[in-house]
Amino acid sequence: MTTMAVARQPRPLSQVLAQWGIVLGIVGAFIGFVVGAQIGEHLVPADANSTGSNAALIIGYVGSAIGFLAGMGFFNYPIARLMGRPRPTEWDEAFLYGEEGGWKRYFRLNVDHKAVGMQYLVTIIAFLMLGGLGAMFIRAELLQPEPSFASAESYLTVVGLHSVIMIFMASAAIIGPLGNYFVPIMIGSRSMAFPRLEALTFWLLPPAALILLSSIFLGGFPTGWTGYAPLADEAVRGMDGYLVAFTLVGISISLSGLNMIATVLTRRAPGLRMTQIPIFVWSVFVTSVLGLLAPPVLLAVLVMEMLDRIGHATFFVPAGGGTPYLWENLFWVFGHPEVYIFILPAFGVMLEMLPVFARKPLWGYRVAVGGMVGVGVLSWFVWQHHLFVSGIAPSLRPFYMFSTEAISIPTSIVYLVAIGTLWKCRARFTVPMLFIMGFLFNFLIGGFTGVFLSDVPSDFALHASYFVQAHFHYTIMGAEVFGLVGAITFYLPRMTGHVLNERLGKIQFWWMFISFNGTFLSLLALGILGMPRRVVTYDPGLQGLNVSASLFAFALGGSMLFFLFILVKDTIVTPVRARVVNVWDSLGNEWRLPSPIPIHNFTTPPTDWALPYDYDRDDHRTAVPGGGMALPEGVTE
Amino acid sequence: MSASAVVFEPDEELNRRTLMMGNRLFLAANTMLMASMIFAYLFLRGNNYGGNWRPDGIADLPSVSMAVTLLLQLACLVAVLGALRAVQGGADVRALGAVALVFGLAAGVARVWYQYNLGSGWVITNGTYTAVSEMWFGILIVELLLGWFWLLSIVVTGPRNSTKAATSRHLRAFSEFWFYMLIASTFVWLLVRLV
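Residues numbered from 1 in each chain as written. Chains lettered and ligands numbered in written order. Predicted model: local features only at pLDDT ≥ 70, side-chain atom pairs only at ≥ 80, totals over all residues. Heavy atoms only, no water.

### As for the overall build of chain B
Counting its regular elements, chain B contains five helices and one strand. Starting at the N terminus and ending at the C terminus, chain B contains elements arranged as β-α-α-α-α-α. Judged by the C-alpha coordinates and their principal axes, chain B covers about 75 × 35 × 30 Å. Within chain B, the fraction of its 195 residues that count as buried is 49%. Put simply, 83% of the contacts in chain B that link residues at least 6 apart link residues at least 24 apart. In chain B, which carries 13 positive and 10 negative side-chain charges, the distance between the mean positions of the two groups comes to 4 Å. (Helix = DSSP H or I, 4+ residues; strand = E, 2+ residues; numbered from the N terminus. Buried < 20%, exposed > 50% of the residue type's maximum accessible area, 1.4 Å probe, protein only. Contact = heavy atoms within 4.5 Å. Lys, Arg positive; Asp, Glu negative; His and termini not counted. Charge placed at Lys NZ, Arg CZ, Asp CG, Glu CD.)

Given below as structure tokens:
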């Protein structure tokens, strides 16, 4: 391996065009939509559709996604290979990795894993805010027991959009930004195993989100994020947006899983064993196995639904020999591992940060790994608890009740590792540490409430109520989003060189923590009192708790806006540069590289990469690896 | 002005391991897709007993033309393995590669022809038996044709700019993929024909 100086030369036309990647992508999306719609029109004429669906629309959507990717330049490499063109030169590769710098490199095909991580980060924050707007709409509407400014249909559409946007983003909320950015570095690799595939997983998301949002103009979709048939069969054209968008997201999750697994298994630094990789990498690895294997099940059932809608197949129509249970089963075979795709990386990043602030080694590293693997394995055997109230054979209920209750064991093991690490520690209550504590508090409630839903008798009483909604939000928002905000605060100095204001961060934490619990404790109570979810009207006697939930929800929305304000202020408006690279005094390997981290991370493969949790040893500091790299400026030993 | 570009010497062993790993992970994901289809098939089968599953008027799946299709897939696989052996022995890949390409394309075309000539009653609106079977056959056609383009890039245009080691590892990965497709195609056909 050599480092060479590449003389700057006039850019070839391909690179000039590639710099306009996102613009070309948008143009390509329009062209793809028109072409796809024409093909769909010819395949299934519009008058052949009686359900309100339209082959032209679905194939147009698919065409727009393909056109977008073509405009971004994703097909250049495979086409060049097919045409037998020379392999990319070093100059081409340097351009692909964004070595010219500048913000423009984030708006085109860029295969540097750190750039992809940043792209994910900004996109996910933007769409979390957008999904949050939907939540504000819902809570504003529910201030009154009767519909005030939304019809039942538009209310359902907003509920659906809020839930699907949040599910899309939650799927990648931690793996997307932090997994892509840090996994290669944490294992001593110079890149991901398949860099182009990594970029593809990100660039599938914008068209998916836009296709989903376009469903607003086509009547929305009434099914929520679960897309249940036969309601989906009968829904208006907005349903097609859900189907295509979810297909794109499923492909993205699966490819991301493939890439992460291949990276961890083949790209570790020489001598770095699987028992020495950071706990966050383990969480990403287990999640990636779920991410690789679960979405193909979703893809199969989504294609069936599309065939029902545009081809008049009857997969889910009893009159034609189909059954809605087919959807429910296949969807939840995907859907329940999906829940752990959300939460496992949050556990991983929480356990990764915890020793830094507890100033103790991670208690029970192997136990935590075992717990995560146990959650991953058991997550395949619990899906029918979602069907307890929809008429599954009674003889199946005990098995799924016990398997669902059993999954709380490995989950608790992981939780206990966190508690064990905190035991007799000398904690530094920085902002990330506060979010860790918030995570643990919220997840405890989320976990306990889940046990009631795994139990058949109590699930019968609670399933259709706000109890389920509150439980789900306690686990996903209370744990994953708290973990994400804490992790952004923790890792931002490493990613951008900027630190967030500690005092404002603490205010934001307490604001978010109190309003979150105010919101969802109110909803838990409403659920116990029997308020049904997804319905715009409710018993007037429940208005007090609804007003409470709404007011706390508005405060929660305000806390997220405040976080956005801190983020923008301290990184863009009045950037605060970190005085040292390793601002948290972490032993993590990712903090041992210079700032900014070089494009390919290392000049030579590191040889002293090891488990970074020896906070109880005095001699834990080692030289920065990488073949003669200097210590980062400002780092004190 | 200059920009630094790190040039890594090719690590053939790492590239081989990465490609094989990626290929096998893809096949694992594909297996889940196939498992979903098996589940759907059997679930719908269980939901439609007696004459509901195959209503009158749906022809039996043709056997001879499917056997020919599977033989073409097998011939392509044998030619690919021969090409792999040739390239590992230092010989040129193109002769046997071309044979594999011809057989592969013929297999793809035969499958498309098969899809359009399943017999009377084979439309997806004619109950779930035809719908799930045709969808499954369609998935296999898409995968076969995409696989053929991969083979094209390996044996026709690839060698112009690839090392023998690169051609070898791609052929090996492709042979695993094609073997998988052969097994899947055979299994699906037998299931749909017999169950």
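Here the narrative resumes, following the displayed structure.
### Regarding the overall build of chain A
Scanning chain A for helices and strands turns up 23 helices and one strand. Here the C-alpha atoms of chain A give a radius of gyration of 25 Å, agreeing with the 26 Å that 2.2 N^0.38 yields for 637 residues. Projected onto its principal axes, the C-alpha coordinates of chain A cover approximately 70 × 65 × 45 Å. Long-range pairs, those at least 24 residues apart, make up 81% of the contacts in chain A between residues at least 6 apart in sequence. For chain A, the computed accessible surface area is about 23,400 Å², with 71% contributed by carbon and sulfur atoms. Here chain A carries 35 positive and 36 negative side-chain charges, and the mean point of each set is 11 Å from the other. (Rg over C-alpha atoms; globule rule 2.2 N^0.38 Å. Areas by Shrake-Rupley, 256 points an atom, 1.4 Å probe, with all protein chains shown as cover.)

### A look at the packing of aromatic side chains
Tallying each qualifying case throughout the model produces 63 aromatic pairs over all chains. Seen in terms of ring centroids, Trp148(B) and Phe149(B) are 5.4 Å apart; in terms of plane orientation they differ by 75 degrees. Their pairing is edge-to-face. For Phe149(B), a relative accessible area of 41% gives the class partly exposed. Taking the centre distance of 5.3 Å and the plane angle of 25 degrees together, the rings of Phe174(B) and Trp178(B) count as stacked. Highlighted residues: Phe174(B) and Trp178(B), both in helix 5 (residues 164-194), separated by four residues, approximately one helical turn. As far as the burial class goes, Phe174(B) and Trp178(B) line up, both buried. Note that Arg196(A) overlies the ring of Tyr77(A), its terminal NZ or CZ placed 4.0 Å from the centroid. (Phe/Tyr/Trp six-rings, centres within 6.5 Å; stacked < 30°, edge-to-face > 60°. Lys NZ or Arg CZ within 6 Å of the ring centre and 35° of its normal.)

### What to know about the side chain of Asp112(A)
The topology assignment puts Asp112(A) in the loop between helix 5 (90-96) and helix 6 (113-141). Apart from the residues lying within four places of it in its own chain, the contact partners of Asp112(A) are Leu96(A), Tyr97(A), Glu198(A) and Ile599(A).

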